[in-house]
Amino acid sequence: MLQTLGSGRATGRLFGDIAVVVFLLAQASDGVLTYVGVATYGLEMEANPLITWLMVALGQGPGLAAAKVTAGLFGIILHLTGVHRAVAALAGFYIVVAIVPWMAVLDLL
């Protein structure tokens, strides 16, 4: 049976779909900005010690890619299990604490 956009279930699904897409775009954007920031200013610019460790252990590109792919997979798992508000909150969190600061450092604001 088709559900109308006005139904609660369809609206919740749309919210979840939008949340996971924004989350994945935030991860990709953070990855690109982090890579550019670290390549420009050095590894000491990365504030997350786990990401720094991965970048030292695996190389800057592979370490960062491993972290972003892992985060993306966890976001998709949360989406598939219906935890859409958490995915949306995490997307907002990354925008505020990762993307905006990198954009400021890189003079993109």
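The preceding data block contains the structure.
A few points on the structure. (Residues numbered from 1 in each chain as written. Predicted model: local features only at pLDDT ≥ 70, side-chain atom pairs only at ≥ 80, totals over all residues. Heavy atoms only, no water.)

The next thing to look at is the nonpolar core. The biggest cluster of nonpolar side chains holds eleven residues, and these are Ala26, Leu33, Val38, Ile51, Leu54, Met55, Leu64, Ala67, Ile99, Trp102 and Leu106. Every element with two or more residues in this core is listed here: helix H1 (8-41), helix H2 (49-58), helix H3 (60-80) and helix H4 (84-105). (Core = buried A, V, L, I, M, F, W, Y, C linked by side-chain atoms within 4.5 Å. Buried < 20%, exposed > 50% of the residue type's maximum accessible area, 1.4 Å probe, protein only. Helix = DSSP H or I, 4+ residues; strand = E, 2+ residues; numbered from the N terminus.)

Here we take up the pattern of salt bridges. Following the criterion strictly, the structure yields one salt bridge and no others. In this structure, Lys68 and Asp30 form a salt bridge, with 2.6 Å as the shortest nitrogen-oxygen distance. Pair noted here: Lys68 is in helix H3 and Asp30 is in helix H1, with a separation of 38 residues, a long-range link. Side by side, Lys68 and Asp30 carry an identical accessibility label, which is buried. (Salt bridge = Lys/Arg side-chain N within 4 Å of Asp/Glu carboxyl O.)

Structurally, the position occupied by Glu46 is in the loop between H1 and H2. No salt bridge is formed by the buried Glu46, whose closest oppositely charged neighbour, Lys68, lies at an N-O distance of 7.6 Å. Residues in contact with Glu46, not counting those within four places in the same chain, are Thr34, Val38, Ile51, Thr52 and Trp102. (Lys, Arg positive; Asp, Glu negative; His and termini not counted. Contact = heavy atoms within 4.5 Å.)

The next subject is H2. Within the span of H2, buried status applies to Ile51, Leu54 and Met55. The arc that holds the buried residues of H2, viewed along the axis, is 100 degrees, so those residues lie on one side. In this structure, H2 carries Pro49, Leu50, Trp53 and Val56 as exposed residues pointing more than 90 degrees from its buried face. Of the residues flanking the start of H2, the one acting as N-cap is Asn48, its side-chain oxygen 2.9 Å from the backbone nitrogen of Leu50. Phi turns positive, to about 105 degrees, at Gly59, one or two residues after H2. (Arc of directions from axis to C-beta. Polar contact = N/O pair within 3.5 Å; in protein donor to acceptor, adjacent residues only side chain to side chain.)

Two numbers describe a pair of aromatic rings. These are the distance of the centres and the angle of the planes. Here the structure, examined in full by the defined rule, presents two aromatic pairs. On the basis of an interplanar angle of 85 degrees and a centroid distance of 6.2 Å, the ring pair of Phe23 and Tyr94 is categorised as edge-to-face. Of this pair, Phe23 sits in helix H1 while Tyr94 sits in helix H4; the two residues are 71 residues apart in sequence, bridging distant segments of the chain. Residue Phe23 is classed as buried on the basis of its relative accessible area, which comes to 3%. An aromatic cluster is present here, built from Phe23, Phe93 and Tyr94 joined pairwise through their rings. (Phe/Tyr/Trp six-rings, centres within 6.5 Å; stacked < 30°, edge-to-face > 60°.)

This part covers a nonpolar patch on the surface. The grouping of Leu14, Ile18, Val22, Phe93, Ile95, Val96, Val97, Val100 and Leu109 at the surface amounts to a nonpolar patch, some 790 Å² of accessible area in total. With five residues, the single largest contributor to the nonpolar patch is H4. Mapped onto the elements of the fold, Val22 is located in helix H1. Val22 gets classed as partly exposed once you look at its relative accessible area, which sits at 34%. (Patch = residues over 30% accessible without salt bridge, like charges linked within 9 Å, V, L, I, M, F, W, Y side chains within 5 Å. Areas by Shrake-Rupley, 256 points an atom, 1.4 Å probe, with all protein chains shown as cover.)

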